[in-house]
Amino acid sequence: MRIFHLLPFLILMFLSFTTPSTSSTDSFIFGGCSQVKFLPGSDYENQVNSIFTSLANSAMFTSYNNFTSQGSSSQDTVYGLFQCRGDLNSGQCSRCVALAVSRLGTLCVNSAGGALQLDGCFIKYDNLTFLGVEDKTVVLKKCGPSTELTSDALTRRDAVLAYLGASTGSYKVSSSGNVYGVAQCTGDLSMSECQDCVSDAIQRLKTECGGANWGDMYLAKCYARYSEGGDHSHGGKDDDHNKNDEEIQKTLAILVGLIAGVALIIIFISFLSKVCRKHKEGK
Ligand SMILES: *[C@@H]1O[C@H](CO)[C@@H](O)[C@H](O)[C@H]1NC(C)=O
Ligand SMILES: *[C@@H]1O[C@H](CO)[C@@H](O)[C@H](O)[C@H]1NC(C)=O
């Protein structure tokens, strides 16, 4: 029976469809490339590739790291870092960074520097020493529809933001009622630089998003976000796409499960009939 040969494959497929989905982690937030270009095939290109490889490899073991790739001349020295969201496990972190590296590679072809933020991780490379330098440049600001929060919710929003601003550590979460907030710095900032950066992001959220029911403020080295209902996925362009993917995956998983089930029944029946035949022959 042909189906026997298919069975291990089907079971494998089933397993791969039931592993946890990382769709919101993968959502694209922003990306940018420096205007300066390097020559294809140059030593500089080797250093960039070496940084990319280091980022992707290191993300299997830690949620933050920085790298320096020394070229033959000082101009060809490239720096890089990655930072995963504080709640990701090592598998999710390494998948996110691998995806970010591949996306940044296609986004910033031959660019001397570039940065990319997915929902779950941030990566950056450049030949300027940005490592350990606080940078509060606004990279992305997004606010929900204005004056959506009730005065009660607004009070909770401010409490959530105040808590984020006061807490130490590079990854901070807070909630009050149904208002949720999250803030994070890249791991190269000191505790006090991180707090200063997050305070700045929070201040901007309050003044620039007003009473909006959600807000995202991404500065170069930290971000702060809040939302009513805790859905932080409004920022990602890929969300609808990912939701569709999730639906398709679920449907496929059910389908594959059914096929595997039927295959098992067929095996069982053929086994039974063999046993029966043997039994008859034996008589
Ligand atoms: C960075 O790389 C570009 C392109 O190779 C080069 O023109 C520039 O001088 C470099 N900057 C530094 C600080 O090395
Ligand atoms: C960069 O990485 C090295 C080695 O992992 C570490 O000692 C150093 O503190 C890091 N620098 C920054 C700015 O994070």
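Residues numbered from 1 in each chain as written. Chains lettered and ligands numbered in written order. Predicted model: local features only at pLDDT ≥ 70, side-chain atom pairs only at ≥ 80, totals over all residues. Heavy atoms only, no water.

Undergrad: Give me the overall build of the chain: which residues, what numbers.
TA: Counting its regular elements, the chain contains seven helices and 10 strands. Looking at the chain alone, contacts between residues at least 24 apart form 67% of all its contacts between residues at least 6 apart. In the form shown here, the chain has an accessible surface area of approximately 14,800 Å², with 58% of it arising from carbon and sulfur atoms. (Helix = DSSP H or I, 4+ residues; strand = E, 2+ residues; numbered from the N terminus. Contact = heavy atoms within 4.5 Å. Areas by Shrake-Rupley, 256 points an atom, 1.4 Å probe, with all protein chains shown as cover.)

Undergrad: Can you break down the state of the cysteines residue by residue, with the values?
TA: Scanning the entire structure with this criterion turns up six disulfides. Disulfide pairing is shown between cysteine 84 and cysteine 93; the S-S distance is 2.0 Å. A torsion of 85 degrees about the S-S bond marks the disulfide between cysteine 84 and cysteine 93 as right-handed. Neither cysteine 84 nor cysteine 93 differs from the other in exposure class; each is buried. If one numbers only the bonded cysteines of the chain, in the order they occur, the disulfide pattern is 1-5, 2-3, 4-6, 7-11, 8-9, 10-12. (Disulfide = S-S within 2.5 Å. Buried < 20%, exposed > 50% of the residue type's maximum accessible area, 1.4 Å probe, protein only.)

Undergrad: Residues and numbers for the site of ligand 1, please.
TA: By nearness alone, every residue bordering ligand 1 is listed as Val36, Lys37, Tyr44, Gln75, Asn127 and Leu128. A distance of 3.1 Å separates an oxygen atom of ligand 1 from a polar atom in the side chain of glutamine 75. Coverage of ligand 1 by the protein chains reaches 62% of its 360 Å² of free accessible surface. For the shell around ligand 1, the residue count by class is three nonpolar, two polar and one charged. (Near = heavy atom within 4 Å. Polar contact = N/O pair within 3.5 Å; in protein donor to acceptor, adjacent residues only side chain to side chain. Nonpolar A, V, L, I, M, F, W, Y, C, P; charged D, E, K, R; others polar.)

Undergrad: I'd like to hear about the nonpolar core, residue by residue, with values.
TA: Ranked by internal contacts, the top residues of the largest apolar core, which has 25 residues, are Leu55, Phe82, Val97, Ile123 and Tyr125. Every residue in contact with valine 97, bar those within four places of it in the chain, is listed here: Leu55, Ala56, Ala59, Phe82, Cys84, Cys121 and Ile123. Core analysis: the second largest hydrophobic core is formed by 20 residues, Ala153, Leu161, Leu164 and Met217 among them. (Core = buried A, V, L, I, M, F, W, Y, C linked by side-chain atoms within 4.5 Å.)

Undergrad: Which residues make up helix 6 (residues 191-209), and what are the values?
TA: Along its 19 residues, helix 6 runs 26 Å from first to last C-alpha, staying within 8% of the 27 Å computed at 1.5 Å per residue. Among the residues of helix 6, Cys194, Cys197, Val198, Ala201, Ile202, Leu205 and Cys209 are the ones counted as buried. Projection of helix 6 onto a plane perpendicular to its axis shows the buried side chains occupying an angular sector of 135 degrees, all on one side. Exposed and oriented more than 90 degrees from the buried face of helix 6 are Ser192 and Thr207. Two residues or fewer after helix 6 comes glycine 210, characterised by a positive phi angle close to 50 degrees. (Expected span 1.5 Å × (residues − 1). Arc of directions from axis to C-beta.)

Undergrad: Could you give me a rundown of the environment of glycine 80, with the residues and numbers involved?
TA: Locating glycine 80 in the fold gives a position in strand 3 (residues 78-84). When the C-alpha positions of glycine 80 and serine 50 are compared, they lie 9.9 Å apart, and in sequence the two are 30 residues distant. Those residues within four positions of glycine 80 in sequence are excluded, and the remaining contacts are Ile51, Leu55, Asn65, Asn66, Phe67, Lys124, Tyr125, Phe130 and Leu131.

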